[in-house]
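Secondary and tertiary structure notes
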Amino acid sequence: MKDYKKYIFDLDYTLLIPDWSKEDDYFKRTIPLEEQEEFFKQKQTILNRYELEFPKYDFKTLSDFFKSYGFTVSEDVIEGWMIHNGETIKDEVADGVLDLFDFLKANGKEIVILTSWFSGTQIPRLKRTGLYEYIDKIVAGEDAMKPDLESFQLAIGNTSKEDCIMIGDSITSDKLGAENAGIDCYIVDKEHSINYLLQMVINSKNKTNNSAKKI
């Protein structure tokens, strides 16, 4: 593994393992009763379709998209949804993340979060879990969504592509997006954990240091 300068991380199911169980409590208070059964059946499908059709999230476009399916979801409801989730989602920090972040920051690396969801939900979660203090930049769904090239370009910024790596759990959003942007990618799965990545990063740093000593 190379000694990268910038590490770009997906959030959900990569760094944080979320419990979304309180999300629907919000909609039970804000969606008309007669719409709720169908809304809960279709909500995720609608969001998946939205992400295929639009380059980024915003309250008005998402509200109109829900309305096109017959659901009364105003911009205010969506804003409240983001706040509710930011306050109520219980997250488990994936094993090894804090050790990895400590090592990266101790060695002068940049940490970027690239998430397709609204920052109004994601930032409070990062703060609550203690990860926010490590982060140099956040690119969220209102900026651009993965796997759109723009989202990766925003995350890469002025850093050389060969000095960047994407770390995520999704083949379609993270791996294909990274490949399209011309950067390396590490997919987190059962065989490739954050702890395994940490060991690879440590080994890479040691090799770089040893090479420098020989010179």
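Rules used throughout
- Residues numbered from 1 in each chain as written.
- Predicted model: local features only at pLDDT ≥ 70, side-chain atom pairs only at ≥ 80, totals over all residues.
- Heavy atoms only, no water.
- Axes fitted to C-alpha atoms, helices over the stretch in contact; angles between N-to-C directions.
- Helix = DSSP H or I, 4+ residues; strand = E, 2+ residues; numbered from the N terminus.
- Parallel < 35°, antiparallel > 145°, perpendicular 65-115°, else oblique.
- Left-handed = near helix turned anticlockwise from the far one by under 90°.
- Contact = heavy atoms within 4.5 Å.
- Nonpolar A, V, L, I, M, F, W, Y, C, P; charged D, E, K, R; others polar.
- Pairing = 2+ DSSP bridges.
- Buried < 20%, exposed > 50% of the residue type's maximum accessible area, 1.4 Å probe, protein only.
- Arc of directions from axis to C-beta.
- Salt bridge = Lys/Arg side-chain N within 4 Å of Asp/Glu carboxyl O.

Description of the packing of helix 4 (residues 75–88) against helix 6 (residues 119–128)
Geometry of a packed helix pair, given as the angle between the helix axes and the separation of the axes. Across the interface, helix 4 lies against helix 6 with an axial gap of 7 Å and an inter-helix angle of 15 degrees. By the angle between their directions, the pair helix 4 and helix 6 is classed as roughly parallel. Read as a crossing pair, helix 4 and helix 6 show a hand that is right-handed. From helix 4, Trp81, Met82, Asn85, Gly86 and Glu87 reach across to helix 6, where they touch Gly120, Thr121, Pro124, Arg125 and Arg128. Across the contact of helix 4 with helix 6, the residue classes tally to three nonpolar, four polar and three charged.

Some details on the sheet that holds strand 5 (residues 137–139)
Read across the open sheet, the five strands follow the order 5-4-1-6-7; overall the sheet is parallel. The sheet is open, and its two borders are formed by strand 5 and strand 7 (184–187), each paired with just one other strand. The sheet shows a mean angle of 25 degrees between the axes of neighbouring strands, taken without regard to direction. Two elements, strand 1 (residues 6–9) and strand 4 (residues 110–114), share four bridges in a ladder whose sense is parallel. Within the sheet, the bridge partner assigned to Ile8 lies in strand 4 and is Val112. Relative to strand 7, helix 8 (residues 171–181) is tilted by about 155 degrees, and along the sheet it contacts strand 6 (164–168) and strand 7.

Observations concerning helix 6
Among the residues of helix 6, those classed as buried are Ser119, Thr121, Gln122, Arg125 and Leu126. Projected down its long axis, helix 6 shows its buried positions confined to an angular sector of 160 degrees, all on one face. The elements touched by buried residues of helix 6 are strand 2 (16–19), helix 4, strand 3 (90–93), strand 4 and strand 5. A positive phi of about 85 degrees marks Gly130, the residue just after helix 6.

Considerations on helix 7 (residues 149–156)
All of the buried residues in helix 7 are Ser151, Phe152, Ala155 and Ile156. One face of helix 7 carries all of its buried residues, which in axial projection span an arc of 130 degrees. Buried residues in helix 7 make contact with strand 1, strand 4, strand 5, strand 6 and helix 8. Residue Gly157 follows helix 7 closely and has a positive phi angle near 60 degrees.

Let's talk about the pattern of salt bridges
Between side chains of opposite charge, a pair can form when the charged atoms approach closely. A full pass over the atoms with the stated rule returns 14 salt bridges. Among the salt bridges present, the one from Asp12 reaches Arg125, with a minimum N-O distance of 2.6 Å. On the criterion of sequence distance, the pair formed by Asp12 in the loop between strand 1 and strand 2 and Arg125 in helix 6 is long-range, its members being 113 residues apart. The same class applies to Asp12 as to Arg125, namely buried. Residue Asp136 is joined to Lys105 by a salt bridge in which the shortest nitrogen-to-oxygen separation is 2.7 Å. Note that Asp136 is positioned in the loop between helix 6 and strand 5 and Lys105 in helix 5 (residues 97–106), a separation of 31 residues in sequence.

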